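For reference, the chains in residue letters:
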Amino acid sequence: APISASDLERLQVLGHGSGGTVYKVLHKPTSTPYALKQLHSPAADSSSDNNTLQSELDILRRTTGSPYVVHCHAIFEKPSGDVSVLMEYMDLGSLETLLKSQGPFSEEKLAPIARQVLEGLDYLHKTHKIVHRDIKPGNLLMNNKKEVKIADFGCSSDESCSSSVGTCAYMSPERFDPERYGGSHNGYACDIWSFGVTIMELYMGYFPLLPKGQRPDWASLMCAICFGEVPCLPEGASEDFRSFLECCMHKEASKRWTAAQLLTHPFVCKAPSEECKPNLFDKKRKRDDDGVERSERSQKSIKIEVC
Ligand code: ATP
Ligand code: MG
């Protein structure tokens with residue numbers, strides 16, 4: 001049965017962001033918790049903001065076919081223009097909150113996280129031709145089943161979206177300097193860069209493109225992203241993990257692997273999961289016995305495939 005807004009009881013605030021406020025709510029008839037995101041209603045005279053909002057809603061309605069994207073159950077649009085989105089409740093919150101509360105993630109913990117995010121990105125890129133544009137720890141949510149899902153499509157429809165310094169930090173080099181780093185890239189590669197920075201941050205415990213403790217401001221971020229070296233993992237990280245991040249964090253967009261290609265990388269393929277069982281594997285994703293060698297070979301020859 002469709003969920004009615006009047007059956008929902010607000011319990012607490014889960015998070016504030018540039019796009020709106022997210023509440024934990026209880027569906028009283030079934031005692032099921034949900035997350036309700038109350039979006040900022042665009043000013044009546046601003047048709048561009050309204051277009052952005054409408055495309056965000058459109059994306060939410062279309063992307064319900066993947067277990068790796070936060071499921072949207074209903075959209076409530078009031079005559080006043082207020083819009084709220086009812087989503088599945090992810091009880092462990094975002095990876096940003098988890099990083100703050102539990103400290104850095106080990107490789108063993110990161111591999112299944114990375115794999116699920118890549119499944120979500122592959123679904124968005126291939127099935128829907130959507131570039132998320134705001135992949136970062138705060139937009140990846142987890143629940144107690146250790147499921148990780150992509151949330152927050154507030155930037156996906158808006159090429160210019162880079163409202164906050166926080167969001168800028170995960171932006172790829174070609175978004176600052178398309179002539180130098182963009183080549184003939186198709187746009188999807190910017191999510192792969194942001195994904196790489198995100199995974200690295202979860203491992204290191206701090207934003208990896210700036211020295212530990214330095215507060216990010218727009219200028220130092222842009223310098224680090226466009227002119228700095230791609231950071232290396234500290235000693236102790238495995239070769240698989242190093243090679244995986246190298247595949248994500250090429251400065252040149254066209255050299256980055258696609259989500260589908262990264263799903264064949266040994267770093268995520270060794271992660272225990274249903275999908276990695278050989279019988280569920282399609283031919284393309286099947287890893288050779290010499291998976292490492294193959295991935296090193298293909299790293300040189302693979303070009304971004306047009307999704
Ligand atoms: P930002 O601009 O910072 O990205 P936003 O306004 O776009 O934020 P979201 O990213 O959708 O909003 O959500 C903000 C925060 O609320 C998340 O980081 C997370 O902590 C929490 N949150 C969002 N959706 C859910 C959910 N479905 N279940 C649990 N917590 C959630
Ligand atoms: Mg967000």
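Criteria and thresholds
Residues numbered from 1 in each chain as written. Chains lettered and ligands numbered in written order. Predicted model: local features only at pLDDT ≥ 70, side-chain atom pairs only at ≥ 80, totals over all residues. Helix = DSSP H or I, 4+ residues; strand = E, 2+ residues; numbered from the N terminus. Buried ≥ 20, exposed ≤ 12 C-beta atoms within 10 Å, placed from the backbone. Core = buried A, V, L, I, M, F, W, Y, C linked by C-beta atoms within 7 Å. Contact = placed C-beta atoms within 7 Å. UniProt positions renumbered as here; feature names shortened; annotations may be inferred. Axes fitted to C-alpha atoms, helices over the stretch in contact; angles between N-to-C directions. Parallel < 35°, antiparallel > 145°, perpendicular 65-115°, else oblique. Left-handed = near helix turned anticlockwise from the far one by under 90°. Nonpolar A, V, L, I, M, F, W, Y, C, P; charged D, E, K, R; others polar. Pairing = 2+ DSSP bridges. Near = placed C-beta within 6 Å. pLDDT = per-residue confidence, 0-100.

Draft legend 1. Inspection of the overall build of the protein at higher detail. Tallying secondary structure elements over the protein gives 12 helices and 8 strands in all. Within the protein, the fraction of its 307 residues that count as buried is 38%.

Draft legend 2. Structural view of the nonpolar core. Grouped together as the largest cluster of nonpolar side chains are 71 residues, with contacts concentrated most on Val117 and Cys248. Contact partners of Cys248, with chain neighbours within four places excluded, come to Ile192, Trp193, Phe195, Gly196, Arg256, Trp257 and Leu262.

Draft legend 3. Broad picture of the UniProt feature "binding site: ATP" (unreviewed entry) in the protein. What UniProt calls "binding site: ATP" (unreviewed entry) maps, in this numbering, to Lys37. Mapping Lys37 onto the fold places it in strand S3 (residues 32-39). Setting aside residues up to four positions removed in sequence, Lys37 forms contacts with Gly20, Val22, Ser84, Val85 and Met87.

Draft legend 4. Focus on the packing of helix H3 (residues 107-128) against helix H7 (residues 189-204). Orientation of H3 relative to H7, taken along the N-to-C sense of each, is 165°, at an axis distance of 11 Å. Relative to H7, H3 is oriented roughly antiparallel. Two packed elements cross with a definite hand, and for H3 against H7 that hand is right-handed. Each of Leu110, Ala114, Val117 and Leu121 in H3 lies in contact with H7, whose residues at this interface are Asp191, Phe195, Ile199, Leu202 and Tyr203. Classifying every residue of the contact of H3 with H7 by side-chain character gives 8 nonpolar, no polar and 1 charged.

Draft legend 5. Seen up close, the pairing of S3. As judged from the 8 bridges shared by strand S2 (residues 20-27) and S3, these two strands associate in the antiparallel manner. When the sheet's bridge partners are listed, Tyr23 is paired in S3 with Leu36. A loop of 4 residues connects S2 with S3, the two strands running antiparallel in sequence, and Ser31 in this loop sits at a positive phi of about 55°. When S3 meets strand S5 (residues 83-88), the two strands line up antiparallel, connected through 6 bridges. Paired with Gln38 across the strands is Ser84, a residue of S5.

Draft legend 6. Main features of the sheet that holds strand S1 (residues 8-17). Here we have 5 strands laid out as an open sheet, ordered S1-S2-S3-S5-S4, and antiparallel in their pairing. Two strands lie at the open edges of the sheet, namely S1 and strand S4 (72-77), each paired on one side alone. Averaged over all pairs of adjacent strands, the angle between their axes in this sheet comes to 25°, without regard to strand direction. Here S4 pairs with S5 via 5 bridges, running antiparallel.

Draft legend 7. Focus on the site of ligand 1. The immediate surroundings of ligand 1 are formed by 23 residues, with Gly15, Gly17, Ser18, Gly19 and Ala35 found nearest. Of all the elements in the fold, those that place two or more residues in the shell around ligand 1 are S1, S2, S3, S5 and strand S6 (93-94). A per-element tally of the shell around ligand 1 places S1 first, with 3 residues. Looking at the shell around ligand 1, its residues break down into 9 nonpolar, 11 polar and 3 charged.

Draft legend 8. Looking closely at the environment of Thr30. Position of Thr30 relative to the elements: it lies in the loop between S2 and S3. Note: C-alpha distance between Thr30 and Asp7 (23 residues apart in sequence) is 9.5 Å.

Draft legend 9. Quick peek at the pairing of S1. Relative to S2, S1 runs antiparallel, the two sharing 8 bridges. Within S2, the position partnered with Gly17 by the bridge is Gly20. Connecting the antiparallel pair S1 and S2 is a turn made up of 2 residues.

Draft legend 10. Broad picture of the confidence of the model for the protein. Averaged over every residue, the pLDDT of the protein is 84; the share at 70 or more is 81%. Predicted confidence is poor over residues 276-307, with pLDDT under 50, and the contacts of this stretch with residues over four places away or in other chains come to 35 contacts.

Draft legend 11. Representation of the environment of Pro104 in the model. As for its placement among the helices and strands, Pro104 is situated in the loop between helix H2 (95-102) and H3. Residue classification places Pro104 among the partly exposed residues on the basis of 13 C-beta atoms within 10 Å. Once the C-alpha coordinates of Pro104 and Ser243 are considered, the two residues, 139 residues apart in sequence, prove to be 20 Å apart. Beyond its immediate stretch of four places on either side in the chain, Pro104 contacts Leu202, Tyr203, Met204 and Gly205.

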